[in-house]
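Analysis of the macromolecular model
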Amino acid sequence: MPAKNGTTKRGQDGSGAGGTRLVIVESPAKAKTIAGYLGGNYVVESSIGHIRDLPSKAADIPPKYKGEAWAKLGVDVDHDFEPLYVINTDKKQQVTKLKKLLQDADELFLATDEDREGEAIAWHLREVLRPKVPVRRMVFHEITRDAIRAAVESPRDLNLRLVDAQETRRILDRLYGYEVSPVLWKKVMPKLSAGRVQSVATRLVVERERERIAFVSASYWDILADFLAPLRDGEGDAPRDFQARLVSVDGKRIAQGRDFTAQGVLRGDLRHLDEESARGLADRLTGRPFAVSSIERKPYTRKPYPPFRTTTLQQEASRKLGFSAKHTMSVAQKLYENGFITYMRTDSVTLSETAIAAARSQAAALYGAEYVPAKPRVYQTKVKNAQEAHEAIRPAGETFRTPGETGLSSDQFRLYELIWKRTIASQMKDATGQSVSVRITGTSTGGEQAEFAATGKIITFYGFLKAYVEGLDDPDADRDDRERRLPKLEEDDSVTATSVDAEGHSTRPPARYTEASLVKELEDREIGRPSTYASIMGTILDRGYVFKKGTALVPAFLAFAVVQLLERHFANLVDYDFTARMEDCLDSIARGEAERVLWLRRFYFGGNGDEGLKELVSDLDEIDAKAVSSFPIKGTDIMVRVGRYGPYLDRDGERVNIPEDLAPDELTAEKAEELFNQMSTDRELGKDPETGHTIVAKAGRFGPYVTEILPEEPADTDKKRTKKAAPKPRTASLLKSMSLEMVTIEDALKLLSLPRVLGEIDGEVVTAQNGRYGPYVKKGTDSRSLQSEEELFTITLEQAKELFAQPKQRGRGRAAAAPPLRELGADPVSGKPVVVKEGRFGPYVTDGETNASLRREDQVESITIERAAALLAERREKVASGGGGKPKTPARRRTAKSRS
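Throughout what follows, the structure given in this document is the object of discussion. (Residues numbered from 1 in each chain as written. Predicted model: local features only at pLDDT ≥ 70, side-chain atom pairs only at ≥ 80, totals over all residues. Heavy atoms only, no water.)

Digging into the overall build of the protein
Helix and strand counts for the protein come out as 24 helices and 35 strands. Expressed as a percentage of its 900 residues, the buried residues of the protein come to 49%. Of all intrachain contacts in the protein linking residues separated by at least 6 positions in sequence, the fraction that spans at least 24 positions is 69%. Surface exposure of the protein reaches about 44,800 Å², of which carbon and sulfur atoms provide 48%. (Helix = DSSP H or I, 4+ residues; strand = E, 2+ residues; numbered from the N terminus. Buried < 20%, exposed > 50% of the residue type's maximum accessible area, 1.4 Å probe, protein only. Contact = heavy atoms within 4.5 Å. Areas by Shrake-Rupley, 256 points an atom, 1.4 Å probe, with all protein chains shown as cover.)

Structure follows, in structure tokens:
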């Protein structure tokens, strides 16, 4: 820590007279970097994030408020929505440390992030520390020596409007979450959550899946022809072949996929070719003469993409690097805190004059002066209600370090390189060239006038595309730097059709959202804020509302139940326009144009004829839990129901579980029948002579097993009687030597007797058990493998003692390590080969250094190196960051801001 005996004058390092200045930032990494830029009379310490928040459980509430009806909510709704804040237990020691440091300081600088959340953290620090020395707000958007010194030289006061706006958001989210989530617990499933943006994001994913379920595919045909251009003098070996597609017959346009509705109905008066008509026309056009009827040439220009803001960085990192939004922001945070990039939570695409000069200079040095325009490019932010006057995300400093000069590695290197390239490219010249559209006509043997079309693009000057090309969400779309060259053609040229082939197509349902496209959709609808999108993606995945198939976001049936309940009974709360208007109101509060208490009162208690949140959640009797969790399968009498233990199919009381990894649009009538038919393979083996319960053998998700059928208990009509947990049936997996077809009642009873208690060793119970990897004996947390399945039923306590007396041998009695299931290629981070292996807990990918389990949406047969790299990157990040929150401890309630 820097020395506390400062200079008596303000020096070049920005230090001032009067002793020590305490600078508080959010993170230790940030504190370490900034401390290196300040002089000896500065002490830089971190708050380690938020130091206090609303109580999350009853134990957090201070004793003086425990009797208050509103205390659990943490917001006194009857007294201007005043919040109750408690200090986090894991921050109590840090707060004590900060108070001690403040005693020796002559001035306090609050140097938290410059957005709303950072402003709120700074305000909380001031409220908790209660400094008796001058307090300054120190802001900067990059952590460089010059930026930090400039921030010290020109501090400002706390912006209470920003604090007000952030506090209103926090209170709003608490009211929404704490009032609506219990409804989900009671009517759908325990431990669910609702949120202002989270629930709307889930609804978007569900609605897209509904569209896919309702989608009716239409088939259509067209014709693709290979043509040969005429040979011209001086062209030598220049390519002459090109392809063109049939666009019209006798002046009527040929129907394409875009011409059909989602119900498979053709729009407009078009020529719809089926297989027979398409093949017939292709035969009639084969061998016929064709000529170029028209050529249209247009100049092609593509302007550079703006520098990154938060959402575009998340989208590109997803497309190009396979990063989740959460991982992107985690890596960007580290780059920012260590002085490599500017602040990563921003709506802005503007660059400072210094940054523009740096980008232009580097572009000229790397690609030549001819690639840099005469005038700098200036980008304007188009995001509505953009936060503060931030810069775009760019490399930090007055001159930009190339990726190779940073010394970075792994994901930090890859993300920095992406940001660096995008920034440089934003100050380069347009890409230019020529686009060509050619029409070719011919007459079939049946007299039909057929017109084919071909398009080409030639890039004569690549400009910014030399540095950066944006990724695409649509795998069938062309990248900006892709050329489609056509041979030199002139009008009336005769061309030869070397092949004329009919091709069949089917319309496809709308693509599921990816994290990148869902972030874009939320931003386009003006829902939420860039700083929240990463956490929203994480929440809907962690809560089980959504799972991934590759990069696609698939809603679970649980999400359908939650969204259906919210749509029917809390329609406004998941209405896209209403949520966007809430965002506008919150921004109005930030600008001082609206008063937060009036707005919160209207939202919670209602007004102007509208119901408030409190009234909406007060009458739960009208919510039919079964109805909101039930969905019919079209064309059948089968219902999908979401129960407390997961989704299942129900037909006249006959039930079957739905596999966890089955996407809703894949649950067709045929698939539902297949699941019921699988249930018919269950075998009744007989009755347990001791209990009288019927024993059956079943095929389960994790293999065949035996179980007992318990008799139904009579309904308990006495509501005052204490409820007892329903008994669970005994269940046991079949041994590897057994099969579903051959297992007997005797086998089943032996299996259901497991685990078999052998006795005690050193006061610990010893059991013989059948596990996923074979039979074993267990004593406390210690275990030993058994050589054969028969030993499960014959091993004695003495024999078990002998086993435990021997050192544990990994792989004892097992075959040599199995070869990898698949080889995927080199990991882009470590450069080492990545393989898929079968592990104790299922398949996983590894580069020899890092292991990452496959998710349930991943398939061994289809996983790509890009997906594997993303899994490994997430695993490295998880290992590096540790994590885990701790409970909070009560702190005194804050004073109202009007009295602070």
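Picking up where we left off.
Thoughts on the packing of aromatic side chains
Evaluation of the coordinates by the stated rule reveals 19 aromatic pairs. With centroids separated by 5.8 Å and ring planes inclined at 85°, the aromatic side chains of Phe290 and Phe452 adopt a geometry described as edge-to-face. Here Phe452 lies in strand β14 (residues 449-461) and Phe290 lies in strand β12 (residues 290-302), a separation of 162 residues in the sequence. Residue classification places Phe452 among the buried positions, given a relative accessible area of 0%. Here Tyr604 and Phe605 contribute two aromatic rings whose centre-to-centre distance is 5.0 Å and whose plane-to-plane angle is 85°, an arrangement assigned as edge-to-face. A relative accessible area of 32% places Phe605 in the partly exposed class. (Phe/Tyr/Trp six-rings, centres within 6.5 Å; stacked < 30°, edge-to-face > 60°.)

Notes on the pairing of strand β15 (residues 494-506)
Two faces make up the sheet, and in a regular strand the side chains alternate between them. In terms of strand pairing, strand β9 (residues 219-228) meets β15 through 10 bridges, oriented antiparallel. Counterpart to Tyr220 in the pairing with β15 is His505. Relative to β15, β12 runs antiparallel, the two being bridged by 2 bridges. Across the sheet, the residue bridging to Phe290 is Val495, located in β15. (Pairing = 2+ DSSP bridges.)

A word on the environment of Asp762
Along the polypeptide, Asp762 turns up in the loop between β28 (756-761) and β29 (764-771). The class for Asp762 is exposed, based on a relative accessible area of 72%. Once the C-alpha coordinates of Asp762 and Lys779 are considered, the two residues, 17 residues apart in sequence, prove to be 9.3 Å apart.

Side note on the environment of Leu620
Assignment of secondary structure puts Leu620 in the loop between α18 (613-616) and α19 (625-628). With relative accessibility at 15%, the residue Leu620 sits in the buried group. C-alpha of Leu620 to C-alpha of Val183: the two residues are 437 residues apart in sequence and 7.4 Å apart in space. Among residues more than four places away in sequence, those in contact with Leu620 are Val183, Lys186 and Lys187.

Points about the nonpolar core
Judged by nonpolar contacts, the single largest core of 163 residues is most densely connected at Leu175, Ile341, Leu415, Leu649 and Leu667. Among the nonpolar cores identified, the runner-up in size contains 30 residues, and Phe242, Ile254, Ala278 and Ala497 belong to it. (Core = buried A, V, L, I, M, F, W, Y, C linked by side-chain atoms within 4.5 Å.)

Quick look at helix α23 (residues 797-805)
Of all the residues in α23, the buried ones are Ala800, Leu803 and Phe804. Down the axis of α23, the buried set is contained in an arc of 95°. They therefore lie on one face. Residues Glu798, Glu802 and Ala805 are exposed on α23 and point more than 90 degrees away from its buried face. As for α23, its buried residues are in contact with β28, β29, β30 (774-779) and β31 (782-785). (Arc of directions from axis to C-beta.)

Considering the sheet that holds strand β21 (residues 639-643)
With antiparallel pairing, 4 strands are arranged side by side in an open sheet as β20-β21-β22-β23. Every interior strand has two partners, whereas the edge strands, β20 (630-632) and β23 (654-657), have only one. Strand-to-strand, the axes of this sheet are offset by a mean angle of 30°, without reference to chain direction. The pairing of β20 with β21 spans 3 bridges and is classified as antiparallel. Looking across to β21, one finds that Phe631 is bridged to Val640. In the packing of helix α15 (residues 557-569) onto the sheet, contacts are made with β20, β21 and β22 (646-651), and the angle to β20 comes to roughly 105°. (Axes fitted to C-alpha atoms, helices over the stretch in contact; angles between N-to-C directions.)

Observations regarding the sheet that holds β29
Here 4 strands make up an open sheet; going across it, the order is β28-β29-β30-β31 and the pairing antiparallel. Either end of the sheet is taken by a strand with one partner, and the two such strands are β28 and β31. Within this sheet the neighbouring strands show an average axis-to-axis angle of 25°, counted without direction. Relative to β29, β28 is paired through 5 bridges, and the arrangement is antiparallel. When the sheet's bridge partners are listed, Arg756 is paired in β29 with Ala768. Contacts from α23 reach β28, β29, β30 and β31 within the one sheet, and its direction differs from that of β28 by about 60°.

Topic: helix α12 (residues 410-426)
Under the 1.5 Å per step criterion, the end-to-end length of α12 is 25 Å for 17 residues, consistent within 8% with the ideal 24 Å. For α12, the buried fraction is high: 12 of the 17 residues fall into the buried class. Within the sequence span of α12, burial applies to Asp411, Arg414, Leu415, Tyr416, Leu418, Ile419, Trp420, Arg422, Thr423, Ile424, Ala425 and Ser426. (Expected span 1.5 Å × (residues − 1).)

Here we look at the packing of helix α6 (residues 198-214) against helix α13 (residues 515-524)
Contact geometry of α6 with α13 gives a least axis separation of 11 Å together with a crossing angle of 115°. Crossing geometry of α6 relative to α13 is assigned as right-handed. In this structure, α6 uses Ala201, Leu204 and Val205 to contact α13, whose residues at the interface are Leu518, Glu521 and Leu522. Partitioning the contact of α6 with α13 into residue classes produces 5 nonpolar, no polar and 1 charged. (Left-handed = near helix turned anticlockwise from the far one by under 90°. Nonpolar A, V, L, I, M, F, W, Y, C, P; charged D, E, K, R; others polar.)

Here we look at unusual backbone geometry
For the peptide bond that leads from Leu754 to Pro755, omega is -5°, which places it in the cis range. Tracing the backbone shows Pro755 in the loop between α21 (745-752) and β28. Positive phi, normally seen in glycine, also occurs at Arg130, with a value near 45°. Of note, Glu526 is a non-glycine position whose phi angle comes to about 60°, a positive value. Structurally, the position occupied by Glu526 is in the loop between α13 and α14 (530-542).

Digging into the pairing of strand β32 (residues 822-826)
One ladder, built from 4 bridges, connects β32 with strand β33 (residues 833-839); its direction is antiparallel. Of the residues in β33, the one forming a bridge with Arg822 is Val836. The antiparallel hairpin formed by β32 and β33 contains 6 residues in its connecting segment, where Gly831 sits at a positive phi of about 80°.

Remarks on the packing of α13 against α14
Two elements in contact, α13 and α14, have axes separated by 11 Å at closest approach and are oriented at 120°. Here α14 runs oblique to α13, going by the angle between their axes. When the axes of α13 and α14 are compared, the crossing they make is right-handed. Of α14, the residues touching α13 (which contributes Glu515, Leu518, Val519, Leu522 and Glu523) are Tyr533, Met537, Ile540 and Leu541. In the contact of α13 with α14, the residues fall into 7 nonpolar, no polar and 2 charged. (Parallel < 35°, antiparallel > 145°, perpendicular 65-115°, else oblique.)

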